[in-house]
Amino acid sequence: MQASGHQKFVALIDKLISKIGIDRVIAACGMPNLSLLEKSQEVASSAWLAAEILCTWRWPGSSAVSSFLPSLSAYAKGSNSPQESLLDETLSILLDGSLVYGGSGTKSSVSMWPVPADEVDGVEEPFLRALVSFLSALFKEKIWRPEKALNLIELLVNKLFLGEAVNTNCLKILPLLINVLLEPLYGYAEPGTGVHHCSLEERFVQNTMIDWLERAVSLPPLVTWKTGEGKFLFLQIKTQNANSPVRLE
């Protein structure tokens, strides 16, 4: 397959990272005397480039999973690296993109086991695929702790409803993201081995899920089934005077 100009650009950035280091290419370390505004702009530009590489996913000779994410994780582990703002800004870009474009091609199953690589590859939407791989790498390497997962779960639940309306794009991406965010709360245990629960975190997740379900149950039903001699479907149709049930045989 012939590489596009975009893939060639990312391949060039990847080669630069391997030659001179991610800290100089992405994080722009070693640039002294920057003002606060200039530093903020530099972080935003670096995060955009990181998100661009992750969304590209594959390029000639390498991929986000095999080269860029390991380099980013190694950089983020550095005790003296100003990585937190870069990681948060990258997360914001990927999450906003996922919420805008929804989750085409996602799977709805949720488990406490790490998301398999082939399942991430099966995600068609570039922002969501990049977000899942980004979160998985940072939590697996323990760069982000369980507290960060709790904050992200709370953020997602808050975005699930727009007033009384359901944010359908958030609903589409929620299962796969919850799959990733439960991992640091329950530990990276293999199936068949003991899993050590974090009681406070577990209670928070349970309360969050209960609140989510209660809000979903409180929504008015779209359809009602009634069993008599046969089955009849009752639709609630809103009129000027009242809600009138209409029976369709």
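Now for a description of the structure that goes with this document.

Rules and cut-offs
Residues numbered from 1 in each chain as written. Predicted model: local features only at pLDDT ≥ 70, side-chain atom pairs only at ≥ 80, totals over all residues. Heavy atoms only, no water. Helix = DSSP H or I, 4+ residues; strand = E, 2+ residues; numbered from the N terminus. Expected span 1.5 Å × (residues − 1). Buried < 20%, exposed > 50% of the residue type's maximum accessible area, 1.4 Å probe, protein only. Polar contact = N/O pair within 3.5 Å; in protein donor to acceptor, adjacent residues only side chain to side chain. Salt bridge = Lys/Arg side-chain N within 4 Å of Asp/Glu carboxyl O. Axes fitted to C-alpha atoms, helices over the stretch in contact; angles between N-to-C directions. Left-handed = near helix turned anticlockwise from the far one by under 90°. Contact = heavy atoms within 4.5 Å. Nonpolar A, V, L, I, M, F, W, Y, C, P; charged D, E, K, R; others polar. Lys, Arg positive; Asp, Glu negative; His and termini not counted. 1 Å grid on protein atoms, 1.4 Å probe; cavity = no way out; pocket = protein on both sides within 12 Å on 5 of 7 lines; lining within 4 Å. Points joined across faces, edges and corners; volume = space filled by probe spheres on them. Phe/Tyr/Trp six-rings, centres within 6.5 Å; stacked < 30°, edge-to-face > 60°. Lys NZ or Arg CZ within 6 Å of the ring centre and 35° of its normal.

Points about helix 7 (residues 126-140)
- With 15 residues, helix 7 ought to run about 21 Å at 1.5 Å a step, and its terminal C-alpha atoms sit 21 Å apart, in line with that.
- The element helix 7 is extensively covered by neighbouring structure, given that 12 of its 15 residues are classed as buried.
- Buried residues of helix 7: Leu128, Arg129, Ala130, Leu131, Val132, Ser133, Phe134, Leu135, Ser136, Ala137, Leu138 and Phe139, and no others.
- Its side-chain oxygen placed 3.0 Å from the backbone nitrogen of Phe127, Glu125 serves as the N-cap of helix 7.
- In the stretch just after helix 7, Lys142 is the one whose phi turns positive, near 60 degrees.

A look at helix 8 (residues 146-159)
- Here helix 8 contains 14 residues, and its C-alpha end-to-end distance of 20 Å stays within 8% of the 20 Å for a straight helix at 1.5 Å per residue.
- Considered for burial, the residues of helix 8 that qualify are Pro146, Lys148, Ala149, Leu150, Leu152, Ile153, Leu156 and Val157.

Considering the pattern of salt bridges
- Counting across every chain of the model gives 3 salt bridges.
- The partner of Arg58 in a salt bridge is Asp121, with the nearest N and O atoms 3.2 Å apart. Here Arg58 is found in strand 1 (residues 58-59), whereas its partner Asp121 is found in helix 6 (residues 117-121), with 63 residues between them in sequence.
- Relative accessible area serves as the criterion here: at 45%, Arg58 is assigned to the partly exposed category.
- Residue classification places Asp121 among the partly exposed positions, given a relative accessible area of 35%.

Here's the deal with the packing of helix 5 (residues 84-101) against helix 7
- It is at 8 Å that the axes of helix 5 and helix 7 come closest, and there the two elements cross at 145 degrees. Where helix 5 crosses over helix 7, the handedness of that crossing is left-handed. In this structure, helix 5 contributes Leu87, Thr90, Leu91, Ile93, Leu94, Leu95, Gly97, Ser98 and Tyr101 to the contact, and helix 7 contributes Phe127, Leu128, Ala130, Leu131, Phe134, Leu135 and Leu138.
- A breakdown of the residues in the contact of helix 5 with helix 7 according to their chemical character gives 13 nonpolar, 3 polar and no charged.

Describing unusual backbone geometry
- Its identity is not glycine, yet Trp57 carries a phi of approximately 75 degrees, on the positive side.
- Among the structural elements, Trp57 can be located in the loop between helix 3 (36-56) and strand 1.

Points about the side chain of Arg129
- Assignment of secondary structure puts Arg129 in helix 7.
- Buried charge Arg129 goes without a salt bridge, the closest partner of opposite sign being Asp121 at 6.1 Å.

Section: empty space enclosed by the protein
- Considering all chains together, one arrives at 1 cavity of 30 Å³ or more under this definition.
- Approximately 50 Å³ is the volume attributed to the largest cavity.
- Lining the largest cavity we find Leu91, Leu95, Leu131, Leu135, Leu152, Leu156, Leu177 and Leu181.
- Listing elements by their share of the lining of the largest cavity, those giving two or more residues are helix 5, helix 7, helix 8 and helix 9 (168-181).
- Split into classes, the residues belonging to the lining of the largest cavity amount to 8 nonpolar, no polar and no charged.

Focus: the packing of aromatic side chains
- Counted according to the given criterion, the structure contains 3 aromatic pairs.
- Ring-pair connections join several aromatic residues into one group, and the members of that group are Phe134, Phe139 and Trp144.
- Sitting over the face of the ring of Trp144, Lys148 holds its NZ or CZ atom 4.6 Å from the ring centroid.

Considerations on the environment of Leu150
- In this fold, Leu150 is placed in helix 8.
- Looking at Leu150, the relative accessible area reads 14%, which means it is buried.
- Along the sequence, Leu150 and Leu182 sit 32 residues apart, while their C-alpha atoms lie 8.8 Å from each other.

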